[in-house]
Protein chains: 2
Amino acid sequence: MKFDDKIPIYYQIKNYIYRQIIVGELAPGDKLPAVRQLAVNLTVNVNTVQRALGELISEKIIEPQRGKGNFVTEDQGTIEKLKKLLITQQLQELYENLHQLNVTDTEIVSYLQDYIAKRKQVQ
Amino acid sequence: MKFDDKIPIYYQIKNYIYRQIIVGELAPGDKLPAVRQLAVNLTVNVNTVQRALGELISEKIIEPQRGKGNFVTEDQGTIEKLKKLLITQQLQELYENLHQLNVTDTEIVSYLQDYIAKRKQVQ
DNA sequence: CCTAGTGTTACATTTTACTATTACACTATA
DNA sequence: TATAGTGTAATAGTAAAATGTAACACTAGG
């Protein structure tokens, strides 16, 4: 996996697992790959994987079972809330960053529409 | 100044100066605060400021004059290009991150509109 | 010429993320 | 009960960002 060298790897792994859970690649109750396997897949160290998982455990997104593995929470509400939170965070980041560049509300929307339209042309 | 501890400080300083130039707080030809003064203002080390300025110099956004100071480029075109680049980068980041969460093009736009509408209510 | 203000650079040190390695604890199963 | 698969944790080492400090080079003005 390719990482952004401006952001801690453990943090990018955390978001990677967030995404898998939200899109259903990892369904509620599913067992995650073993930490050593994840480390190999992502070409990072076990401790780095563990640091990411540790935060997911604190947030009750996954539940560890010693000797068995890590499992996605069965609580669908938690996952729904997570998805909404992540979306809102993304929107907030865009909004604040563009406002700091003196872009107005209406411009933000129209710029986004232009951007999406341009993407479609290319594809 | 408050920094995000997930992103290098020098990088955040670079973006901070980008913003000041784009919104005109620093106009073309303006002299930036002295590096030691910037270090005090931002409560960071001179070398950290210098690292941020070094990249801005490489990008021709500012021009150093030894013994005098650092000056914003007089080339308005460079600044315009920079603004467009930053906006596009922000849009791309939002787009890709939300798509990874299985959010469709139309949903992205409507979520953004909702977000802006909600912000207005609060204010 | 001297001094204050400026950019530039170098060095040692500290901090943190990450790695490599090893060990320990628990579970399931042959 | 032995073994393989799992999570958990500790230790030591490396790399990069950031700091503290100092020195050097250039400019302007008295």
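Everything below is about the structure shown above.
Bear in mind that the values here come from a model prediction, so they are computed numbers and not experimental data.

Visitor: Any chance you could explain the overall build of chain A here in plain terms?
Guide: A tally of regular secondary structure across chain A gives 5 helices and 2 strands. The N-to-C order of helical and strand elements in chain A reads α-α-α-β-β-α-α. Against the globule reference of 14 Å for 123 residues, chain A gives a C-alpha radius of gyration of 18 Å, more extended than a compact globule. Principal-axis analysis of the C-alpha atoms places the extent of chain A at approximately 55 × 30 × 30 Å. Looking at the 123 residues of chain A, the share that counts as buried comes to 36%. Restricting to contacts in chain A with at least 6 residues of sequence separation, those with at least 24 account for 52%. Surface accessibility of chain A: about 7300 Å² in total, with carbon and sulfur atoms responsible for 49%. Across chain A, the mean location of the 16 positive side-chain charges is 7 Å away from that of the 15 negative side-chain charges.

Visitor: Any chance you could explain the relation of the copies chain B and chain A here in plain terms?
Guide: The two chain copies are connected by a rotation around an axis plus a translation along it. Superposing chain B onto chain A takes a rotation of 180° combined with a translation of 0.0 Å along the rotation axis, leaving an RMSD of 0.1 Å. What the rotation and shift describe, once combined, is the action of a two-fold rotation axis. Every residue of chain B has its C-alpha some distance from the rotation axis, and the shortest such distance is that of B:Ile7, at 2.9 Å. Taken as a fraction of all interface residues of chain B, those also at the interface in chain A reach 100%, which identifies the copy contact as same-surface.

Visitor: I would appreciate a short explanation of helix 5 (residues 105-122) of chain B in the present structure.
Guide: An α-helical segment advances 3.6 residues per turn. Residues three or four places apart therefore align on the same side. In a regular helix each residue adds 1.5 Å, so 18 residues correspond to 26 Å; helix 5 of chain B covers 26 Å between its end C-alpha atoms and thus fits that length. Every buried residue of helix 5 of chain B is listed here: B:Asp105, B:Ile108, B:Val109, B:Leu112, B:Tyr115 and B:Ile116. Along helix 5 of chain B, the residues classed as buried sweep out an arc of 125° about the axis, all on the same side. Exposed and facing more than 90 degrees away from the buried side of helix 5 of chain B are B:Thr106, B:Lys118, B:Gln121 and B:Val122. Where helix 5 of chain B is buried, its residues contact helix 4 (76-99) and helix 5 (105-122) of chain A together with helix 4 (76-100) of chain B.

Visitor: Explain the packing of aromatic side chains here, please?
Guide: The relative placement of two aromatic rings is captured by the distance of their centres and the angle of their planes. By the definition in use, this model includes 4 aromatic pairs over all chains. Ring geometry for A:Tyr95 and B:Tyr115: centres 5.7 Å apart, planes at 70°, overall edge-to-face. Residue A:Tyr95 is found in helix 4, and its partner B:Tyr115 is found in helix 5; the two belong to separate chains. Both residues of the pair, A:Tyr95 and B:Tyr115, count as buried. Over the face of the ring belonging to A:Tyr10 we find A:Arg51, whose NZ or CZ atom lies 4.0 Å from the ring centre.

Visitor: Quick question: what am I supposed to make of the protein's contact with DNA strand C here?
Guide: With respect to spatial proximity, 23 residues lie near DNA strand C, and among them A:Ile9, A:Asn47, A:Thr48, B:Arg36 and B:Gln50 are the closest. Counting only atoms of DNA strand C within 4 Å of the protein, the fraction found in sugar and phosphate groups is 63%. In the model, a phosphate oxygen of DNA strand C is placed 3.4 Å from a nitrogen or oxygen of the A:Tyr10 main chain. Measuring from a phosphate oxygen of DNA strand C, one finds a side-chain N or O atom of A:Lys68 at 3.1 Å. Listed by contribution, the elements that provide at least two residues to the surface near DNA strand C are helix 1 (9-23) and helix 3 (46-58) of chain A together with helix 2 (35-42), helix 3 (46-58) and strand 2 (69-72) of chain B. Take the surface near DNA strand C: its biggest share by element is 3 residues, from helix 3 of chain A. Of the residues that constitute the surface near DNA strand C, the class distribution is 7 nonpolar, 9 polar and 7 charged.

Rules and cut-offs
Per-chain numbering applies: the sequence of each chain, read as written, is numbered from 1 onward. Labels follow written order: the first chain is A, the first ligand is 1, and so on. Predicted model: local features are reported for residues with pLDDT of at least 70 only, side-chain atom pairs are reported and counted for 80 or more only, and whole-chain, interface and lining totals are derived from all residues. With hydrogens and water set aside, each side-chain value is computed from the structure's full complement of heavy atoms. In DSSP terms, a helix is any run of H or I states spanning at least four residues, a strand is any run of E spanning at least two, and both are numbered starting from the N terminus. Radius of gyration: C-alpha atoms only; globule rule: 2.2 Å multiplied by the number of residues to the exponent 0.38. Each residue is assigned to one of three classes by its accessible area relative to the maximum for its type, calculated with a 1.4 Å probe on protein chains only: buried under 20%, partly exposed between the two thresholds, exposed over 50%. For this analysis, residues touch if any pair of their heavy atoms sits within 4.5 Å. A 1.4 Å probe and the Shrake-Rupley method give the accessible areas. Residues count as covered only by the protein chains that appear here. Here the positive residues are Lys and Arg and the negative ones are Asp and Glu; neither His nor the chain ends is included. The location of each charge is read from NZ of Lys, CZ of Arg, CG of Asp or CD of Glu. Here the copies were fitted onto each other by least squares, based on C-alpha atoms from residues at pLDDT of at least 70 in both. What a helix should span is 1.5 Å times the count of its residues minus one. Here the arc refers to the directions that run from the helix axis out to each C-beta atom. Centre distance within 6.5 Å is the pairing criterion for rings of Phe, Tyr and Trp, where only the six-membered ring of Trp is used; planes under 30 degrees apart are then read as stacked, over 60 as edge-to-face, and the remainder as tilted. Sitting over a ring, as applied to charges here, requires NZ of Lys or CZ of Arg to be within 6 Å of the ring centre and within 35 degrees of the ring normal. For this description, a residue counts as near a given molecule or strand if any of its non-hydrogen atoms is within 4 Å of it. The definition of a polar contact used here is a pair of N or O atoms within 3.5 Å, where within protein one atom must be able to donate a hydrogen and the other to accept one, and adjacent residues in sequence count solely through side-chain atom pairs. Note on residue categories: nonpolar means Ala, Val, Leu, Ile, Met, Phe, Trp, Tyr, Cys or Pro, charged means Asp, Glu, Lys or Arg, and polar means any other residue, Gly included.

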